[in-house]
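# Understanding the architecture of this molecule
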Amino acid sequence: MEVRELEWFVVLARTENVTNAAVQLHVSQPTLSRALARIERQLGVKLFDRNQNRLRLNKYGEIYRAHAVRAIQELVQGEERIRTLVDPERGVVSIGFLHSFGSWLIPSLLDSYHVVAPLTKFELEGGAADSIVDAVRSGRIDVGFVAPRPAADDLAWVPLGRELLCLEVPPSHEFADRDSISIAEIATRPMIALGPTYGLRHVVDRLFEDAGCVPLISIEATELSTLRALVRHGSGIAIVPVPRADQQSPTVTVPISDANAFRFYGVITRNDGPTGSAAQIFLDYVSGEFATDDVDESNRP
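Presented here is a report on the structure given in the accompanying data block. (Residues numbered from 1 in each chain as written. Predicted model: local features only at pLDDT ≥ 70, side-chain atom pairs only at ≥ 80, totals over all residues. Heavy atoms only, no water.)

Turning our attention to the overall build of the chain. Along the backbone of the chain there are 10 helices and 11 strands. Relative to its length of 301 residues, the chain is extended, with a C-alpha radius of gyration of 25 Å against a globular reference of 19 Å. C-alpha atoms of the chain, sized along the principal axes, occupy 75 × 45 × 35 Å. For the chain, the proportion of its 301 residues judged to be buried stands at 43%. Looking at the chain alone, contacts between residues at least 24 apart form 74% of all its contacts between residues at least 6 apart. Total accessible area computed for the chain in this model is approximately 15,900 Å², and 49% of it derives from carbon and sulfur atoms. Charge centroids of the chain, computed over 30 positive and 40 negative side chains, lie 11 Å from each other. (Helix = DSSP H or I, 4+ residues; strand = E, 2+ residues; numbered from the N terminus. Rg over C-alpha atoms; globule rule 2.2 N^0.38 Å. Buried < 20%, exposed > 50% of the residue type's maximum accessible area, 1.4 Å probe, protein only. Contact = heavy atoms within 4.5 Å. Areas by Shrake-Rupley, 256 points an atom, 1.4 Å probe, with all protein chains shown as cover. Lys, Arg positive; Asp, Glu negative; His and termini not counted. Charge placed at Lys NZ, Arg CZ, Asp CG, Glu CD.)

This is the structure:
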């Protein structure tokens, strides 16, 4: 069985229409029908239920499609690995990152790296800390930028720095004119926070735990931008990373006086390193140019 015929079957399984599939694949309908017949003859079962001129993928077809998709993906990844071994600078690096890193850390890294490796391509995926950890662990993503350091013995961690945290409130809030505020004072007010799977939420929960209190979370959001918009509209207050100089907001940020009001951020890979030379070269660059030894992670968070 040829790989080409597997690809044809996947398209036919998606369209369930020989005419449409043939047009997409730029082959004749008889050619496509003969290829399907060869596959079904080799498997010994029909993959589609036929009703006059219409096709409907059956249970055997569903099983075979799932395996065919995985087989094609494995072959594509294998070809990519070979290409990057031959010419690492032309390889593809897949990066996962927290949404909040998408406005400063990731653009900065890619801009600087393209100066030294302009032919490298990147696939970017933003998400929650847990989803990035799972994607790196499974090998679907080469490297992940997360905060804080995940509790995972099967992942390598390179610390890059730390972000101070602050309280964000609407301009009319009673805390807006404060020079600083403690976690204990914040605990008595309704808060907006990211969901439990997000790295920032892990840090916030630990801050309150270390202060001996429990946060009064009234709203959970899935993105930092949404969280800040809710604060702006007076739905509550929130603990967020201190805004950078180029980030303007109509809200007010108040420094948190607790000594541990910060979060470490860094890059994770599998313990045996990322797959492919392009990803390893990128990781080496990040480690050499951006990683710092001046990070004492014995002090949480």
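This is not the end of the story, as more comes after the structure.
What follows is about unusual backbone geometry. With an omega of -5°, the peptide bond between Ala147 and Pro148 qualifies as cis. One non-glycine residue, Glu16, lies in positive phi territory at about 50°. On the secondary structure map, Glu16 appears in the loop between α1 (3-15) and α2 (18-25).

Bringing the nonpolar core into the picture now. Within the largest apolar cluster, 36 residues are counted, with the highest numbers of intra-cluster contacts made by Ile95, Phe101, Ile106, Phe145 and Phe282. Counting residues in hydrophobic clusters, the runner-up holds 31 residues, among them Tyr198, Phe208, Ala221 and Val240. (Core = buried A, V, L, I, M, F, W, Y, C linked by side-chain atoms within 4.5 Å.)

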